[in-house]
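Coordinate analysis (summary)
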Amino acid sequence: MSASDEERHGVRLTHLDQELFSGAGVSKRDLVDYLDAVADRVLPALADRPLSVMRVLRGQEAFMQKNLPKYTPEWVPRTRMWAESSRRTVTYGLCNDRRTLLWFGNQRAVELHPALTRVGQDGPAELIMDLDPPEGAPFGVAVAAARLVRQALADVGLSGALKTSGAKGVHVFVPLAAGQSFVDVAAATRAVGVRAERLDPDLATTAFIREDRHGKVFLDSTRAGGATVAAVYSPRIRPGAPVSFPVRWADADAVMPTDFTVRTAPGLLGDTDPWAEELPAPQQLPADLVAEGYTIPVARVAAMHEGKRRAKARRESSADE
């Protein structure tokens, strides 16, 4: 075992003093120390959820890994599921304990993207709105758009918790009572997005096609079904290794995503778990909100058809010239 290697919680940790990824400004040791420090806070968001991870191996581009590699230790919990996107059965890891979390860290699994549902549960555990501000916009516009979502939820008797994405946007999570289907939750998410957009169409948009957003915050209502979202407390592959961090609604105007990194977050947390404190109890979606959502086209499908229509129009225009 080299000087930069060690064993912790039954996991052999290797090359800890190497830079985590190019431009990270932190080492692999910083990642492992961070995951060890926040394990009790992050594990509830990961437990029993099929886990996809973003890994960065030395000298390589970051890549998303769903299937556990063949060399995965037998003690790592796992589940086999059909992945519609790749049309195959995938063996996902289940990050249910500190030992597994540190093993993933040693694999340079920087980003943690759990599924929206737990093993054995029918339907998603949360309704999620992903708010993406335009490139170069101040973080405050994402917060302002999140408040539109909060109002749209309040208008139908729902409440959600806010966290930074760890990148440039924010996420709003609405915990859901069990037994609500993926299609119903997806429909309700579309309805929340449209309602939030109506509150301030100059600030926010549900336009899926980037060129149609015109500098507005994108209210992404597609985080349903097989999609994933970076878990609360998950590091991100960005300079300084920021992390997705809970933000109290009252404090949202006073923070920046760069405030929360693998080096600073443990000290900010202390012995607290603000995400557990801020998350409301699981909620039942109102039937009229779900019904409204079914009248709204699925964004990806609508964008695909619109893209084909525009391409055809361009071809016809070129032929007429």
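Just so it is clear, the structure is predicted and the values come from calculations on it, not from any experiment.

Okay, the domain arrangement of the protein next. Split into domains, the protein comes out as domain 1 (19-115 + 228-277) and domain 2 (126-226 + 282-305). Opposite the 22 residues of domain 1 that make contact, domain 2 presents 20 residues. When the two sides are added together, the surface that domain 1 and domain 2 hide from each other amounts to roughly 1900 Å², 60% of it contributed by carbon and sulfur. Contact with domain 2 buries surface across domain 1, with Val229, Trp249 and Trp275 losing the most and accounting together for 41% of the total. Inspection of the region where domain 1 meets domain 2 yields two salt bridges. We note a salt bridge from Arg147 to Asp253, for which the minimum N-O separation is 3.2 Å. For the pair domain 1 and domain 2, the interface holds 11 residue pairs in polar contact (both at pLDDT 80 or more). For the side of domain 1 that touches domain 2, the residue count by class is 16 nonpolar, two polar and four charged.

A few words now on the environment of Leu20. Relative to the helices and strands, Leu20 is located in the loop between β2 (11-13) and α1 (28-46). A C-alpha to C-alpha distance of 8.5 Å links Leu20 and Leu57, two positions 37 residues apart in sequence. With residues near it in sequence (within four places) discarded, Leu20 still touches Val26, Ser27, Lys28, Leu31, Val56, Arg108 and Val110.

A few words on the nonpolar core. Formed by 84 residues in total, the largest nonpolar core has its most connected members in Leu101, Leu131 and Val149. Counting residues domain by domain, this core receives three or more from each of domain 1 (19-115 + 228-277) and domain 2 (126-226 + 282-305). Non-local contacts of Val149, meaning those with residues more than four positions away in its chain, are made with Met129, Leu131, Val172, Val192, Ala196 and Leu219.

Non-glycine residue His9 carries a positive phi angle of around 55°. With respect to the secondary-structure elements, His9 resides in the loop between β1 (6-8) and β2. One non-glycine residue, Asp48, lies in the positive phi region at around 65°. Within the fold, Asp48 resides in the loop between α1 and β3 (50-55). For Asp48, a relative accessible area of 36% corresponds to the partly exposed category.

Turning our attention to the side chain of Ser52. By the element assignment, Ser52 lies in strand β3. In this structure Ser52 comes out as buried when scored by relative accessible area, which is 2%. Here Lys66 takes part through its side chain, which lies 3.4 Å from a polar atom of the side chain of Ser52. For Ser52, the residues in contact, after removing those within four places along its chain, are Met64, Gln65, Lys66, Tyr92, Glu111, Leu112 and His113.

This brings us to the pairing of strand β10 (residues 170-175). On a regular strand, one side chain projects to one face of the sheet and the next to the other, so that they alternate. Across the six residues that make up β10, a large majority, six, are buried. Going residue by residue along β10, you find Val170, Val172 and Val174 tucked away on one face and His171, Phe173 and Pro175 tucked away on the opposite face as well. Inspection of the sheet shows strand β9 (residues 161-164) paired to β10 by four bridges, in the antiparallel sense. Of the residues in β10, the one forming a bridge with Lys163 is His171. Adjacent in sequence and paired antiparallel, β9 and β10 are bridged by five residues, among which Gly166 carries a positive phi angle near 90°.

Rules used in this analysis
Residues numbered from 1 in each chain as written. Predicted model: local features only at pLDDT ≥ 70, side-chain atom pairs only at ≥ 80, totals over all residues. Heavy atoms only, no water. Domains from an automatic or database assignment. Contact = heavy atoms within 4.5 Å. Buried area = accessible area lost by both parts, 1.4 Å probe. Salt bridge = Lys/Arg side-chain N within 4 Å of Asp/Glu carboxyl O. Polar contact = N/O pair within 3.5 Å; in protein donor to acceptor, adjacent residues only side chain to side chain. Nonpolar A, V, L, I, M, F, W, Y, C, P; charged D, E, K, R; others polar. Helix = DSSP H or I, 4+ residues; strand = E, 2+ residues; numbered from the N terminus. Core = buried A, V, L, I, M, F, W, Y, C linked by side-chain atoms within 4.5 Å. Buried < 20%, exposed > 50% of the residue type's maximum accessible area, 1.4 Å probe, protein only. Pairing = 2+ DSSP bridges.

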